Structures are given as C-alpha cells and as structure tokens.
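Examining the three-dimensional arrangement
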Amino acid sequence: MEAWILVNTHAGRQRARQNGEQIRRVFALGGARTRLAYTESPQEGEAFLEQAAAAQPDLLVFCGGDGTLSHGINCLGRLDVKIPLGYVPLGTTNDFARSLGLPKEPARAAEQILHGSAHRLDLGRFGDRAFLYVASFGAFTQSSYKAEPRVKAALGHLAYVLESVRELPSLRPQSLRVEAGDVRCEGEFLFGAVTNTLSVGGVVKLDPETVRLDDGLLELTLVRMPKNPVELGQAVRMLHQCKYDGDLVIQQPVRRAVFTCPEPFPWSLDGEYVPGGESIQVEALPQVLELML
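Residues numbered from 1 in each chain as written. Predicted model: local features only at pLDDT ≥ 70, side-chain atom pairs only at ≥ 80, totals over all residues. Heavy atoms only, no water.

1. Quick notes on the nonpolar core
- Grouped together as the largest cluster of nonpolar side chains are 45 residues, with contacts concentrated most on Leu 49, Leu 60, Phe 62, Leu 85, Phe 96 and Leu 132.
- Setting aside its immediate chain neighbours within four residues, Phe 62 contacts Leu 6, Leu 49, Thr 68, Leu 69, Gly 72, Leu 76, Leu 85, Gly 86, Tyr 87 and Val 88.
- Formed by 26 residues, the second largest nonpolar core is a distinct cluster that contains Cys 185, Ile 250, Phe 259 and Val 274. (Core = buried A, V, L, I, M, F, W, Y, C linked by side-chain atoms within 4.5 Å. Buried < 20%, exposed > 50% of the residue type's maximum accessible area, 1.4 Å probe, protein only. Contact = heavy atoms within 4.5 Å.)

Written out as structure tokens, the structure is:
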C-alpha cells in the first residue's frame, strides 16, 4: 500500500513535525510506502494534492484540523479525483473528529486508519462549495476564522471562546426567510446552521441518538432573536442540552434548505469565511465522502 500524508503545520498547538513523524512511522511499520509533506499554506497543500491526483496513491491522509480536511476535500473535488482518505485530528476544536469518535493521540488515530475499513459519509453543499460538517451564520460563527493562528496555538479551544466573547457587544440579528422540508419560517435570527456533526464549537450540541453522518440528511438549527437576556440564556441552554421548548430554537433534519434575505451577510463553512448572497441553497450530498475508519 502507498500512503501519502499531508500535515498542516499550523494546526492545533503546532507540534507538526513531531506528530507527522509519529504518523509516518505507524504506516511504515504497517508495511506502507509513505510520502510525507508538511504544508505551510493552502497553496502548498493544493500543490501536494495535485501531485497525489496524478500519482493515485492507495490512501491520502490529512493531518490537521477539521478545516484541513474540508479544504482538501474541496481541492480534490475540483481536480475530479477520488482517493480513499484518512483523517488524523490535530486541530483546536475538532468537532467533526469528535463526532466520528477519532482518538486524540495521533499515533492511535493513524493505527485506526491503517487497520480500518472504508465508510461513506455525507457532505453538505453551499452554493457551489462542499462543506464537511457546518455552514453557519450569526452569533459566534466569526470566532472560528477571526481567532489568530498564534493565539489558537497557545490557548487551544479557549481562543475560540475569547473571540466569541468579543463578538457579544456587536450581536445583530439576520432578517431572512427559511424554507426547508416542512419548515417555513421568517423573521430575525441570532444564529443559524446546517450541520452534519454532533457539536459545533462546543456550544451547539446535537442528539447522538438521532443524528447520523451517513443518512443523507443535514440538521437545520435556527435561533430566533431573543427579546431579552433571559431568553438568550434559555436559547444557549437549549442548544447545549438538546432540549427545545417553544419556538425560540428550531431544529429539524432536512435534505435541502433555502435562505432568502434582503441583503447578503457572511457565513462560515467549516470555520472559513465565505460571503453570502440574497438567496443561498444548502443541501446534503449523500455518502460522497469515503473515509477510512
């Protein structure tokens, strides 16, 4: 077996070279021929993936945060190639990795890939882009792409929390209409997301008894603009405990959702900023991601 390994040097607490060598050693001891690349920028990563697309290794392993895997999937999609993928989570929050139950220890995660089997998982599509686990807008979504890399490396998940606190004074609702399956609603919303995960940023929790990452469905979550601090606290508790009472928080599995608004506003796809539009369609891409688990 030939395994190509991409390590994002900016992921997590940036012990990239030490982690990369541990991961390479696991595959080498398992009998794989390995090629290891440390990437300093998205452009370096894309160049490595172009080489992989031409060489067609048996396995391509992404080592970094959820955003590293998301960016790689989009790059491979543009190249129109399908290679079995592995994922070793080295990021700060790792929502998607936790949803999959992947080990935090790089060597153990590599062993699971080496001895695992291929599983097909869903992706989402936002306009013409794929996303791994979340497309979101509103409160706390900017923290994922505004937190400085050096701060994330030093503080880990706390960096996202601090950035979220900085957002609080400027929270503004988004006025929009949402159509998704049986859901038809209009008004002002503090937060919205379409997800394929069990958690988002450690704040939004989804029920592990009902959420499946391979069922062709995404989960729509909407939070109406609270009228006062008490309602804001209620909304946060509902999101964290997966218990919804009234229509302050709406959560529903959907195959497709359309968001229509008077003017564009920013979104976050897997932690990366993207501009929105006056009409945005988000839909599930059933079982298009082949991941070794």
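Following the structure, the description resumes.
2. Quick word on the pattern of salt bridges
- Going through the model one piece at a time under the given rule, you end up with 12 salt bridges.
- A salt bridge links Arg 25 to Glu 21, with the shortest nitrogen-to-oxygen separation between them at 3.9 Å. Of the two residues, Arg 25 and Glu 21 are both situated in helix α1 (residues 16-29); the distance of four residues between them amounts to about one turn of the helix.
- The partly exposed category is assigned to Arg 25, whose relative accessible area is 40%.
- For Arg 120, the salt bridge identified is with Glu 290, shortest N-O distance 3.3 Å. Here Arg 120 is found in strand β5 (residues 118-126), whereas its partner Glu 290 is found in strand β17 (residues 279-292), with 170 residues between them in sequence.
- What makes Arg 120 partly exposed here is its relative accessible area of 43%.
- Assessed through its relative accessible area of 25%, Glu 290 is described here as partly exposed. (Salt bridge = Lys/Arg side-chain N within 4 Å of Asp/Glu carboxyl O. Helix = DSSP H or I, 4+ residues; strand = E, 2+ residues; numbered from the N terminus.)

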